[in-house]
Amino acid sequence: MPSLETLARQVYELQQENIAFRRRIEKLEGKTGHLPNNDFPITAAMVKELRELTGAGMHDAKWALRMAEGDFEAAKEFIRTKGLC
């Protein structure tokens with residue numbers, strides 16, 4: 001069983017990751033208003049690949065890719081942070 005210090009460090013690290021992710025989302029949202037660029041091409045193959053990697057639903061995977069403007073790593077982080085899978 002992990003010590004209290006280990007758990008506290010893990011919580012702190014997750015909080016820092018969450019802060020960094022929120023800043024990235026704010027930056028993406030700031031580029032085009034309140035939503036990401038809807039002109040960015042999200043293909044069915046991209047959605048399928050993200051769904052296979054994360055287990056997220058079709059609409060959640062598509063939304064995450066749109067929020068991340070096609071960046072798979074950012075989309076996976078979005079899904080993980082939002083608890084969509």
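Residues numbered from 1 in each chain as written. Predicted model: local features only at pLDDT ≥ 70, side-chain atom pairs only at ≥ 80, totals over all residues. Heavy atoms only, no water.

Asks: Explain the packing of helix α2 (residues 44-54) against helix α3 (residues 58-67) to me, using residue names and the numbers behind them.
Replies: Each packed pair of helices is defined by two parameters, the angle between the axes and the distance between the axes. Interhelical geometry of α2 versus α3 gives an angle of 110 degrees and a closest axis separation of 9 Å. Our classification of the angle between α2 and α3 gives roughly perpendicular. Contacts from Met46, Val47, Leu50 and Arg51 in α2 reach Met58, Ala61, Lys62, Ala64 and Leu65 in α3. Taken together, the residues of the contact of α2 with α3 sort by class into seven nonpolar, no polar and two charged. (Axes fitted to C-alpha atoms, helices over the stretch in contact; angles between N-to-C directions. Helix = DSSP H or I, 4+ residues; strand = E, 2+ residues; numbered from the N terminus. Parallel < 35°, antiparallel > 145°, perpendicular 65-115°, else oblique. Contact = heavy atoms within 4.5 Å. Nonpolar A, V, L, I, M, F, W, Y, C, P; charged D, E, K, R; others polar.)

Asks: Provide a residue-level description of the packing of α2 against helix α4 (residues 72-82), including the pertinent values.
Replies: In the contact formed by α2 and α4, the axes pass within 11 Å of each other and the chain directions differ by 50 degrees. Relative to α4, the element α2 is oriented oblique. When the axes of α2 and α4 are compared, the crossing they make is right-handed. In this structure, α2 contributes Met46, Glu49, Leu50, Leu53 and Thr54 to the contact, and α4 contributes Phe72, Ala75, Lys76 and Ile79. (Left-handed = near helix turned anticlockwise from the far one by under 90°.)

Asks: Provide a residue-level description of the nonpolar core, including the pertinent values.
Replies: Core analysis: the largest hydrophobic core is formed by 17 residues, its most contacted members being Ile25, Leu50, Ala64, Leu65, Ala75 and Phe78. Of all the secondary-structure elements, those providing two or more residues to this core are α1 (4-32), α2, α3 and α4. Once you skip the residues sitting within four places of it in the chain, Ala75 turns out to touch Leu50, Ala64, Leu65 and Ala68. (Core = buried A, V, L, I, M, F, W, Y, C linked by side-chain atoms within 4.5 Å. Buried < 20%, exposed > 50% of the residue type's maximum accessible area, 1.4 Å probe, protein only.)

Asks: So what's going on with the pattern of salt bridges? Which residues, and what values?
Replies: The final tally for this structure, using the stated rule, is three salt bridges. Glu73 serves as the salt-bridge partner of Lys76, at 3.3 Å between the closest nitrogen and oxygen. Here Lys76 pairs with Glu73, and both are found in helix α4, just three residues apart, close to one helical turn. One salt bridge in this structure joins Glu77 and Arg80, with 2.7 Å as the shortest N-O distance. (Salt bridge = Lys/Arg side-chain N within 4 Å of Asp/Glu carboxyl O.)

Asks: Before we move on, could you go through the environment of Glu17 and cite the residues and values that matter?
Replies: Within the secondary structure, Glu17 is located in helix α1. Given the relative accessible area of 39%, Glu17 is considered partly exposed. Measuring from C-alpha to C-alpha, the distance between Glu17 and Thr81 comes to 9.4 Å, with 64 residues separating the pair along the chain. Residues within four places of Glu17 in sequence aside, it is in contact with Glu77 and Arg80.

Asks: Give me the environment of Leu50: which residues, what numbers.
Replies: Within the element layout of this structure, Leu50 appears in helix α2. Taking C-alpha positions, Leu50 is 9.6 Å from Glu73, a pair spaced 23 residues apart along the chain. Leu50 has contacts with Gly55, Ala61, Ala64, Leu65, Phe72, Ala75, Lys76 and Ile79, leaving out every residue within four places of it along the chain.

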